[in-house]
Amino acid sequence: MITVIHYVLYIVLVLSVVAAALYSIRARRVADPVDRGIHMSMMNLCMGIMLVSLSLVCMFLFSGSTPAVIVEAAFLVLGAFNIFAGIRSRTYYSRLKNSRTAS
């Protein structure tokens, strides 16, 4: 069962890294600031998922030494903050885009 969890977490990790890279490339190539903000917020969201999954992989993979627990906790908190910030930015830029198209 723990092997299945490892594989799922690795798949989530790889997919989030690829998605973050793609959103980063898209954000740098688009000219519209609102679209750029939407892509950057999605990149932030993917990076948060990446950090949380990396933290969970380390929790399941390594023993509970003090430095490992501190690093895992830091990644978990940073990832949760990135997810929160990505969702918040995404809603802001989506509303801004909707208000621009409505007027």
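As annotated in an unreviewed UniProt entry, the chain is YtpI-like protein from Paenibacillus lautus.

**Things to note about the overall build of the chain**
Each helix and strand in the chain was counted, giving three helices and zero strands. Element order for the chain, N to C, with α for helix and β for strand: α-α-α. The C-alpha atoms of the chain give 16 Å as radius of gyration, which overshoots the globular expectation for 103 residues (13 Å, by more than 25%). The C-alpha extent of the chain, read off along each of the three principal axes, is 55 × 20 × 20 Å. Across the 103 residues of the chain, 30% fall into the buried class. Partitioning the intrachain contacts of the chain with sequence separation of at least 6 by distance along the chain shows that 73% fall at a separation of at least 24. As displayed, the chain has an accessible area near 6800 Å², and 72% of this comes from carbon and sulfur atoms.

**Regarding a nonpolar patch on the surface**
Side chains of Val4, Val8, Val12 and Ile49 sit close together on the surface and give an oily, nonpolar patch of about 290 Å² of accessible area. Tracing the chain through its elements places isoleucine 49 in helix H2 (residues 33–61).

**Remarks on the UniProt feature "transmembrane region" (unreviewed entry) in the chain**
Per the UniProt annotation, the sites labelled "transmembrane region" (unreviewed entry) are residues 6–25, 45–62 and 68–87. This span, residues 6–25, is 100% helix and 0% strand, and a straight line between its end C-alpha atoms measures 29 Å. Between the first and last C-alpha atoms of residues 45–62 the distance is 26 Å; the span itself is 94% helix and 0% strand.

**Describing the packing of H2 against helix H3 (residues 66–102)**
The axes of two packed helices give the description: the angle between them and the distance between them. Between H2 and H3, the least distance of the axes is 7 Å, while the angle of their chain directions is 160°. Taken together, H2 and H3 sit at an angle that is classed as roughly antiparallel. Like other packed secondary-structure pairs, H2 and H3 cross with a definite hand, here left-handed. When the residues that make up the contact of H2 with H3 are grouped by side-chain class, the tally is 21 nonpolar, ten polar and five charged.

**What to know about the side chain of histidine 6**
In this fold, histidine 6 is placed in helix H1 (residues 2–29). Beyond its immediate stretch of four places on either side in the chain, histidine 6 contacts Phe60 and Leu61.

**Description of the environment of isoleucine 11**
For isoleucine 11, the location among the structural elements is in helix H1. Remark: the alpha-carbon pair of isoleucine 11 and isoleucine 83, spanning 72 residues in sequence, is separated by 18 Å.

**Focus on H1**
Between its first and last C-alpha, H1 extends 41 Å over 28 residues, near the 40 Å set by a 1.5 Å rise per residue. Taken residue by residue, H1 has His6, Leu9, Leu13, Ser16, Ala20, Ser24 and Ala27 as its buried positions. Packed against the buried residues of H1 are H2.

What counts, and at which threshold
Residues numbered from 1 in each chain as written. Predicted model: local features only at pLDDT ≥ 70, side-chain atom pairs only at ≥ 80, totals over all residues. Heavy atoms only, no water. Helix = DSSP H or I, 4+ residues; strand = E, 2+ residues; numbered from the N terminus. Rg over C-alpha atoms; globule rule 2.2 N^0.38 Å. Buried < 20%, exposed > 50% of the residue type's maximum accessible area, 1.4 Å probe, protein only. Contact = heavy atoms within 4.5 Å. Areas by Shrake-Rupley, 256 points an atom, 1.4 Å probe, with all protein chains shown as cover. Patch = residues over 30% accessible without salt bridge, like charges linked within 9 Å, V, L, I, M, F, W, Y side chains within 5 Å. Salt bridge = Lys/Arg side-chain N within 4 Å of Asp/Glu carboxyl O. UniProt positions renumbered as here; feature names shortened; annotations may be inferred. Axes fitted to C-alpha atoms, helices over the stretch in contact; angles between N-to-C directions. Parallel < 35°, antiparallel > 145°, perpendicular 65-115°, else oblique. Left-handed = near helix turned anticlockwise from the far one by under 90°. Nonpolar A, V, L, I, M, F, W, Y, C, P; charged D, E, K, R; others polar. Expected span 1.5 Å × (residues − 1).

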